[in-house]
Amino acid sequence: MKIATADVVVCSPDRNFVTLKITTDDGLTGLGDATLNGRELAAASYLRDHVVPLLIGRDARNIEDTWQFLYRSAYWRRGPVTMVAIAAVDVALWDIKAKAAGMPLYQLLGGASRTGIRAYGHASGRDLPELFDSIRRHQELGFRSIRVQTSVPGIKAVYGVAAQPSAGGTRYDYEPAQRAPLPAEEDWDTGAYLRHLPTVFEAVRSEFGPDLPLLHDGHHRMTPIQAARLGKELEPYDLFWLEDCTPAENQEALRLVRQHTTTPLAIGEVFNTVWDFQTLIREQLIDYVRAAVTHTGGITAMRKLLDYAAQYQIKSGIHGPTDISPVGMAAALHLDLAIHNFGIQEYMQHGERTNDVFRQSFRFEDGYLHPGDEPGIGVELDTDLADRMPYQQAYLPYNRLGDGTVHDW
Ligand code: KDG
Ligand code: MG
């Protein structure tokens, strides 16, 4: 079973996606996601110019060997561009292997460890009434665990908060990457945020009661001492997790946060190898691994990372915003179903155009996701439709403080 062709498809149905399609000489196809939000063309070029020529003629069955070959032969290790490219190859080869076996991928990974995958959705609002509507809307959609993001008085736009209710006023969509030649500039004030956020969680708890699992994303904006204070102040509201409370490249900083709070911590969506989690896991500085299959070298690498985390009772919280394509999402779901130390899966639903381009077998019912039982990962790409939706320049926003200093957003 040799790799005959490997095509990189860049399309933009509701947003930009980079997809690798591998075809074997016996006609099997596999898909992998290499979407790197805001830097998509770098990932596409890395694949097209440097990886695809190395794949032709290789035995598609040797997934571990191909992973090690791509990682080690490049010499330049880690980094998001390299790791999304390796992830795309890895997932496409797992897709092919599972199709060849006639099984859904989770069966090859050891079979199902649970019947469904608990998912959390994204609620947000510019004020409490809007936020409460958004939480209720997510509950109606079936979500039983909800991430809560809100505006902060005095700040014009906060990333992760819908700018305005979309059509009908019932659903709050948030599309992080804006199609424009330059990134949108937003403003930020950590002091105002720290004063405001505990009042929001107090209001949400008193409106929705103690049982609803609530999550919050700090998006790398705090210093360690600020994060320690926030974690402590949120303790009465019993968060499922506080995500990315600090820019976690400085992993030792998390020790300080940990010494001050029992609010569970989730970190890792910007990381891309097991090495980036080494200190965080070994010193038990986090409770959930937020890495994405798409950004962390695929199924092969994520399995090793999550198995390592399991030795420390650290669970998965796989990254699943809309910039992970349905291919990356499906790969995550097969892993979620198979591993023992599953925690929760992020699920921001894709738009209709995206679902037309990527036909999927995964489903969401009563708060739980399931990857479906089609052979492989269960996603097929409509390449004709994709070709009619070309790439559009799009950037994530960034923040400036009141005095003009660039800040984490
Ligand atoms: O591309 C950036 C997004 O994936 C990220 O900002 C979303 O923080 C995010 C989350 O938790 O989903
Ligand atoms: Mg996040």
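What comes next is a walk through the structure. (Residues numbered from 1 in each chain as written. Chains lettered and ligands numbered in written order. Predicted model: local features only at pLDDT ≥ 70, side-chain atom pairs only at ≥ 80, totals over all residues. Heavy atoms only, no water.)

### Observations concerning the side chain of Asn 272
Phase 1: As for its position among the elements, Asn 272 is in the loop between β9 (265–267) and α9 (278–282).
Phase 2: Exposure remark for Asn 272: the relative accessible area of 7% places this residue in the buried category.
Phase 3: Sequence-distant contacts of Asn 272, that is, excluding residues within four places in its chain, are made with Arg 78, Gly 79, Pro 80, Met 83, His 295, Thr 296 and Gly 297. (Helix = DSSP H or I, 4+ residues; strand = E, 2+ residues; numbered from the N terminus. Buried < 20%, exposed > 50% of the residue type's maximum accessible area, 1.4 Å probe, protein only. Contact = heavy atoms within 4.5 Å.)

### Quick notes on the pairing of strand β1 (residues 3–11)
Phase 1: Bridging between β1 and strand β2 (residues 17–24) involves eight bridges; their strand directions are antiparallel. Counterpart to Val 9 in the pairing with β2 is Thr 19.
Phase 2: Connecting the antiparallel pair β1 and β2 is a turn made up of five residues. (Pairing = 2+ DSSP bridges.)

### With respect to the coordination of the magnesium ion (ligand 2)
Phase 1: The protein atoms donating to the magnesium ion (ligand 2) are Asp 217 (OD), Glu 243 (OE) and Glu 269 (OE), with metal-donor distances spanning 2.0 to 2.2 Å.
Phase 2: A relative accessible area of 0% places Glu 243 in the buried class. (Donors = N, O, S within 2.8 Å, 3.2 Å for Na, K, Ca; no water.)

### Topic: the environment of His 219
Phase 1: The residue His 219 is located in the loop between β7 (214–217) and α7 (224–234) in this model.
Phase 2: A relative accessible area of 6% places His 219 in the buried class.
Phase 3: Not counting residues up to four positions away in its chain, the partners in contact with His 219 are Tyr 159, Glu 243, Asp 244, Glu 269, Asp 408 and Trp 409.

### Here's the deal with the pattern of salt bridges
Phase 1: All told, the structure shown has 20 salt bridges when counted by the stated rule.
Phase 2: Linking Glu 130 and Arg 126 is a salt bridge whose minimum nitrogen-to-oxygen distance equals 2.4 Å.
Phase 3: With a relative accessible area of 39%, Arg 126 lands in the partly exposed category.
Phase 4: Here Arg 290 makes a salt bridge to Glu 243, at a shortest N to O gap of 3.1 Å. In this pair, Arg 290 sits in the loop between β10 (288–289) and α10 (298–310) while Glu 243 sits in strand β8 (residues 241–243), placing the two residues 47 residues apart along the sequence.
Phase 5: A network of salt bridges, in which partner residues are shared, links Glu 243, Glu 269, Arg 290 and Glu 346. (Salt bridge = Lys/Arg side-chain N within 4 Å of Asp/Glu carboxyl O.)

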